[in-house]
Structures are given as structure tokens and as C-alpha cells.
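Structure at a glance
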Amino acid sequence: MKYIRHIAATLLCLTAIGAAAQQAVESAVKTLINSKSITNEIYSERRNPKTKAIVRSDRVFNFTDNKIASKIVEAIRKERDKASAFQMNSRPGNAIYKIVFDNDKGKYARYTLVQEGESSWMLSIIKTSGSKSGKHDSSMLIESDGNVFDTWYDFDNLGSLGELGNTKELYVNMGMSAEDAALLQQQQAEFVRQQTEFARQQGEFARLQGEFTKQKREYNKRQASEARKQAALARQQAAEARKQAAEVRKEAAVARQKAAKARQEAAVARQKAAQKRANSKSSSSSSSSNYYVTDDKGNSTYSVTYTRS
């Protein structure tokens, strides 16, 4: 990783068109390089075979820091009026920002920032210094999960595996030994094989991503349907609860009416009982009669009769 950092820092010194024009973007890139959010780096360079000066560099960073991504986006927006081309699509989760600096003299710089998920970003940087030399050395260093390997190849002239048979003769004609030419051809074939395998894996990954997206869409649809069912059930239960509450209130009202009627009947009963007692008391008045009774001998007796009803 330190070696890659050193190469990346060296590339910042590569002569580029209007350095001041893209100063904000380069500053944001330095922040990314010095951060710990990079999960993968791919770097390649092409040099002038005579001067050994770098005439082209290609870099790709995969990183996870949304704040750094925002800083790069801000820098791209800031420098757009100094650029020769600008493109953006700010769709959340799939945003794309591209800016190009070109002075029409072969000096060229292109920065492309792609969002691949909520916290997944890829930054691609391509720079050229304007060299038109067809003879050059190329190198590529790839770092991923701590594994580093070197591959030497020609970006422009490298074709399919079927085309590699002509490269050995070409390199021999350029003055390279047959042994070195054969080794270089073998390395190029391996690189093409790796690139083909990588493309296949990328296609498989895209297929799996598509399948996952489809399944997620179906899952969300099912979840939404279930949520609607639950909401309908909750409304039904609420309506049933209101109905039961109304029934309880109705039964309570009937019970109150019965209680009031019972109290009324009890009051009437008490009134009747009181009236009965009053009538009974008035009918139980007493009477008496006094008179004389004479027997056969002419004797008179005073008689008193008392009656209580």
C-alpha cells in the first residue's frame, strides 16, 4: 500500500493541462489518497522509452467515505467553468460526475466519480502529457485486499488472445531478444486471460446484482402488500372495537333504565305499604255501650259492653 501511495503521490507531479484549473479537484484527490477509506486501487502508467517521463497514467480508486466523495463532487462543480467537458447525474445511490480538462495540445485529464451504492464509490482518473510516441513502456500495479502483483503490457496494442501471435515477431523486429519477446508475449496472454476472467466475473456480479434487485423488489412488494393487509385488519379490528363499545354503552343504558324502573317500582311499593298501614290504623278504632238489665224478680243490673276491632 505504501508503494502504491508513493506512485500515486509521484503522479500528482505529472504535467497536466491547466494545473490551476483543476487545483480543487487535485486537492480533493489528495485527501482521498491520504485517507483510510480506500478499499481497492488500480494504477497504470506509460512512459516515454527515451526520456522515461510519464506520458499517461490511469488510476482507479474504490472507497467508502461519503464525506470525501462530497468533497470531490464539490471540487468538480467548482471547476466546471474551467473544464472542456462536464457531465453529472445526481440520482441518489447511482450518482455519476465527470469532468474533462483538455488544452487541445494532447494534455488531457479526466476525472470520473461513480456512486455504486449508499457508501460505495469509484473514482477514475486518466491523465496524458501529450506525447505521441508509439514506442513506450507500460506498467500496471494492482492492489486488492493486500495482494500486489505486477503485469507488463501495452494498453493500445494489446488485443485478443488470437492477435497475440503477431506480437512476438513485432518485439523481435524492435530489437528485443526472442526469449524476452516470448516472455512478454506470455505475460500479455496471461493479462488478457485475467481481463477476460475479470469481465466474466463482472458480468456474473451484474447478473447477481440484478437478481438481488429483483428479489428485493419482490420482497418489498410482498412487505407492502402485507403492510396493507395488516392496516386493513387493524381498521377492521378498530371498527369491531367501536361496535363492541357501542353495544356496551347500549347495554349500560338499558341497565340504567331497568335500575330506574326498579327504583320507581320500589318507591310505589313503599307508598302502597305506607297507605295500607295508615288504612289499617284508622279501621282499628274502639266502641262501647251502657245499659240496664232487669231479671225476673224485678232486680235491675247496670251492664257495660266494650268492643275493640
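Rules behind the numbers
- Residues numbered from 1 in each chain as written.
- Predicted model: local features only at pLDDT ≥ 70, side-chain atom pairs only at ≥ 80, totals over all residues.
- Heavy atoms only, no water.
- Helix = DSSP H or I, 4+ residues; strand = E, 2+ residues; numbered from the N terminus.
- Contact = heavy atoms within 4.5 Å.
- Areas by Shrake-Rupley, 256 points an atom, 1.4 Å probe, with all protein chains shown as cover.
- Core = buried A, V, L, I, M, F, W, Y, C linked by side-chain atoms within 4.5 Å.
- Buried < 20%, exposed > 50% of the residue type's maximum accessible area, 1.4 Å probe, protein only.
- pLDDT = per-residue confidence, 0-100.
- Expected span 1.5 Å × (residues − 1).
- Pairing = 2+ DSSP bridges.
- Polar contact = N/O pair within 3.5 Å; in protein donor to acceptor, adjacent residues only side chain to side chain.

The next thing to look at is the overall build of the protein chain. Summing up its helical and strand segments, the protein chain has 5 helices and 10 strands in all. Look at the contacts in the protein chain between residues 6 or more apart in sequence, and 51% of them connect residues 24 or more apart. Total accessible area on the protein chain is roughly 21300 Å²; 51% of this is exposed by carbon and sulfur atoms.

By size, the foremost hydrophobic cluster in this structure holds 25 residues, and its most contacted members are Leu-32, Phe-63, Ile-72, Tyr-111, Leu-113 and Leu-123. Those elements that provide at least two residues to this core are helix H2 (23–33), strand S2 (54–63), helix H3 (66–79), strand S4 (96–102), strand S5 (107–117) and strand S6 (120–129). Once residues lying within four places of it in the same chain are set aside, the contact partners of Ile-72 are Ala-28, Leu-32, Phe-63, Leu-113 and Leu-123.

Turning to unusual backbone geometry, a few remarks are in order. In this structure, Lys-52 is a non-glycine residue whose phi angle is positive, near 65°. Along the chain, Lys-52 falls in the loop between strand S1 (38–47) and S2.

Turning our attention to the confidence of the model for the protein chain. Taken as a whole, the protein chain shows an average pLDDT of 75; of its residues, 67% reach a score of 70 or greater. The element-level mean pLDDT for the protein chain is lowest in strand S8 (residues 147–151), coming to 33, with H3 highest at 94. In this model, residues 1–18 is a region of pLDDT below 50 whose contacts with residues beyond four sequence positions or in other chains number 38 contacts. Confidence drops under a pLDDT of 50 for residues 132–165, and excluding neighbours within four residues, the segment shows 76 contacts in the predicted structure.

Tracing the chain through its elements places Ile-33 in helix H2. Under the relative-accessibility criterion, Ile-33 is labelled buried at 5%. Separated by 30 residues in sequence, Ile-33 and Phe-63 have C-alpha atoms that sit 9.9 Å apart.

The next point concerns H3. Between its terminal C-alpha atoms H3 stretches 20 Å, which fits the 20 Å expected from 14 residues at 1.5 Å a residue. Those residues of H3 that are buried are in contact with H2, S2, strand S3 (85–89), S4, S5 and S6.

Before going further, it helps to examine the pairing of S1. With respect to burial, S1 is a largely interior element, 7 of its 10 residues being buried. Looking at chain direction, S1 and S2 are connected through 9 bridges and run antiparallel. Bridge pairing in S2 links Ile-42 to Val-60. In this antiparallel pair of consecutive strands, S1 and S2, the connection spans 6 residues, and Lys-52 shows a positive phi of 65°.

It is worth spelling out the side chain of Glu-45 at this point. The topology assignment puts Glu-45 in strand S1. By relative accessible area, Glu-45 is classed as buried at 9%. Side chain to side chain, Glu-45 and Arg-47 meet in a polar contact 2.7 Å long.

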